[in-house]
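Chain by chain, the residues:
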Amino acid sequence: GLALFNPNTANNTYSPALTFGGLSTSGDYMTGAAAIATKLIASSDTNVRGGDLKFYTSGITSATIGLTEKMVINTQGNVGIGANSPGAKLEIAAANANQLGMLRVTPGAAAAFGLDIGLDPTTGDPVFSRIVSNVVSESFRIQRSTGNVGIGATSPDSKLHIEDATTALITLQT
């Protein structure tokens, strides 16, 4: 097999990265587009080393060029996307504080429809939205501070707050 290693035994050092890239458009130098590496973690046993597996990508403009960490699998098996020290089996952190949708589920190639789940960047409320014809519309939210659920209400003031000015709010049918 292929083995990449760093003879440096210090904690928090990185193994050689497996880098994917190509020549710059001028052809003058190599440029890294993505990389995979491991970071050695402290261990009480000097003969056993653990490490986080880290995934990096690079931007495509001069302002975003350079490899930055995007995902990690840590020694506990937790996966972090945008979170470099995940505390759960899957932790997703938005790179942009104003990003509402953090998880999007679509039926594959027809991504014009789906479900968008995220946190309101102002309140921290979990927000569930539907995607119809590429338009994202909030369906409901759970108010973080009270646990109130709002359907059509962005500031629910009761355990279940349903708000709609144009149609019937509740239909019960047998």
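This text follows the structure it describes.
Report on the accompanying structure. (Residues numbered from 1 in each chain as written. Predicted model: local features only at pLDDT ≥ 70, side-chain atom pairs only at ≥ 80, totals over all residues. Heavy atoms only, no water.)

## Brief notes about a nonpolar patch on the surface
Short version of the rule: Residues enter patches when they are more than 30% accessible in relative terms and free of salt bridges; like-charged ones are connected within 9 Å and nonpolar ones (Val, Leu, Ile, Met, Phe, Trp, Tyr) within 5 Å. For every accessible area listed, the method is Shrake-Rupley and the probe measures 1.4 Å; residues are considered covered only by the protein chains on display. Each reported salt bridge corresponds to a side-chain nitrogen of Lys or Arg within 4 Å of a carboxyl oxygen of Asp or Glu. Only DSSP runs of H or I reaching four residues or more are called helices, and only runs of E reaching two or more are called strands; each is numbered from the N terminus. Three exposure classes are used, based on accessible area relative to the maximum for each residue type with a 1.4 Å probe and protein chains only: buried under 20%, partly exposed in between, and exposed over 50%.
On the surface, Leu-2, Leu-4, Leu-18 and Phe-20 cluster together to form a nonpolar patch covering roughly 410 Å² of accessible area. Considering the arrangement of structural elements, one finds Leu-18 in strand E1 (residues 18-23). Under the relative-accessibility criterion, Leu-18 is labelled partly exposed at 37%.

## Structural notes on the sheet that holds strand E7 (residues 101-105)
Put simply, the test is: When DSSP finds at least two bridges between two strands, those strands are taken to pair. Between N-to-C directions, angles cover 0 to 180 degrees, with each direction set by a line fitted to C-alpha atoms, over the stretch in contact for helices.
Within the open sheet, the 6 strands sit side by side as E7-E8-E9-E10-E11-E12. Their pairing is mixed. On the outer flanks of this sheet lie E7 and strand E12 (160-162), each paired with one strand and no other. Strand-to-strand twist of the sheet, defined as the mean angle between neighbouring strand axes without regard to direction, takes the value 25°. Two strands pair when backbone bridges link them, and strand E10 (residues 135-142) and strand E11 (residues 149-151) are joined in this way by 3 bridges, in the antiparallel orientation. Note on E11: the bridge partner recorded for Arg-141 is Gly-150.

Keep in mind that these numbers describe shape and distance, not what the molecule does.
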